Amino acid sequence: MIKVLIVEDEFTIALDLEERLKQMGFEVAGIAGNYDKALSLLLEKEPDIALLDINLGKGKSGIDIAKIIDEKFNIPVIFLSAYSDDKTFEDAQQANPMGFIVKPFKDSDIDHGIKLALQRYKEISEKQTGKNENSYTDFKENCIFIKDKGKITKINTSDILWLEAMDNYTIVHTKSGKHIAGSSLKKTLTKLNSPNFLRIHKSHAVALDKITKIEDNLVFINKKYLVISRNYKKELLNKLNLF
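Reading the values: the criteria
Residues numbered from 1 in each chain as written. Predicted model: local features only at pLDDT ≥ 70, side-chain atom pairs only at ≥ 80, totals over all residues. Heavy atoms only, no water. Helix = DSSP H or I, 4+ residues; strand = E, 2+ residues; numbered from the N terminus. Contact = heavy atoms within 4.5 Å. Buried < 20%, exposed > 50% of the residue type's maximum accessible area, 1.4 Å probe, protein only. Pairing = 2+ DSSP bridges. Axes fitted to C-alpha atoms, helices over the stretch in contact; angles between N-to-C directions. Core = buried A, V, L, I, M, F, W, Y, C linked by side-chain atoms within 4.5 Å.

Draft legend 1. Spatial organisation of the environment of Leu 192. For Leu 192, the location among the structural elements is in helix H6 (residues 185-192). Sequence-distant contacts of Leu 192, defined by excluding residues within four places in its chain, comprise Ile 144, Thr 157, Ile 160, Leu 163 and Phe 197.

Draft legend 2. Inspection of the pairing of strand S9 (residues 169-174) at higher detail. Of all 6 residues that make up S9, 5 are buried, and the element is covered over most of its length. From the end of strand S8 (residues 160-166) to the start of S9, which pair antiparallel, there are 2 residues, and Asp 167 there has a positive phi angle of about 55°. Once S9 ends, the chain turns through 3 residues before running back antiparallel as strand S10 (residues 178-181), passing Gly 177 with a positive phi of about 155°.

Draft legend 3. Spatial organisation of the sheet that holds S8. Spatial strand order, S10-S9-S8-S12-S11: 5 strands in an open sheet with antiparallel pairing. Lying at the two open borders of the sheet, with one neighbouring strand each, are S10 and strand S11 (197-201). The average angle at which neighbouring strand axes cross in this sheet is 25°, direction not considered. The pairing of S8 with S9 spans 6 bridges and is classified as antiparallel. Paired with Ile 160 across the bridge in S9 is Thr 174. Running at roughly 145° to S8, H6 makes contact with S8, S9, S10, S11 and strand S12 (204-207) of the sheet.

Draft legend 4. Spotlight on the nonpolar core. Counting 21 residues, the largest nonpolar core has Val 7, Ala 50, Leu 52, Ile 65, Ile 69 and Phe 79 as the members making the most contacts within it. Elements supplying a minimum of two residues to this core: strand S1 (3-7), helix H2 (35-45), strand S3 (49-53), helix H3 (62-72) and strand S4 (77-81). Excluding residues that lie within four positions of it along the chain, Ala 50 makes contacts with Leu 5, Ile 69, Ile 75, Pro 76, Val 77 and Ile 78. Formed by 17 residues, the second largest nonpolar core is a distinct cluster that contains Phe 26, Ile 78, Ile 101 and Ile 114.

Draft legend 5. Quick look at the sheet that holds strand S14 (residues 218-221). Taken in spatial order, the 3 strands of this open sheet run S13-S14-S15, and their pairing is antiparallel. Each of the sheet's edge strands pairs with one partner strand only, and the pair in question is strand S13 (213-215) and strand S15 (224-227). Strand-to-strand, the axes of this sheet are offset by a mean angle of 25°, without reference to chain direction. Bridge analysis of S14 against S15 gives 4 bridges, and the strand direction is antiparallel. Note that in S15 the partner of Phe 220 across the bridge is Tyr 225.

Draft legend 6. Broad picture of the environment of Ile 180. Counting through the fold element by element, Ile 180 comes out in strand S10. It is 19 Å that separates the C-alpha atoms of Ile 180 and His 201, two residues lying 21 residues apart in sequence.

Pasting the structure below:
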């Protein structure tokens, strides 16, 4: 059942709204007439949505409460107000409400307003979650972290030139120097999980975008060269954009 917090300083209006909400099938998480009581109920009752009167007499307004909810609590808000002027509406918009209902309101205004607000808020949250996941995926693909002697070093994958096997370790050659990863070359390539890195010998793999030229069985990265094993040469040539 959806839990609704009512923030309304006129007690008779609040009680009437509470009764209406119950008849619509909603659960009322509580009634607050001021800022402090609203915060207390938000923390204690964890409502799913808040209906806020904009004008609460003295002290902080419903807009102030909505701003705190927007910053600290993961729920939508709907404003209730007897005022529909442009100034009130513009001030209310600063708190990112999911709805604005002008008093006096019908039951259908409240019922539809709550359902639409919850749906809209869910869609926005899902889009934001997807955006964060994509950012995290990009982050993982764009860098690695190597732990060595208690120090963890971040390395951008775009800075890696080639990888060299050394027993059960891997030497990561970058533009700025060498780093030793505590995993085999095979495991390091698996963790990198990038089509830009290709094994060309049992002892090393190369960043394809760093290759400057290929001569016979040698791959050059600027002045440094690496040997291409016969078993890997065909795959390397297939990966290159040959004309």
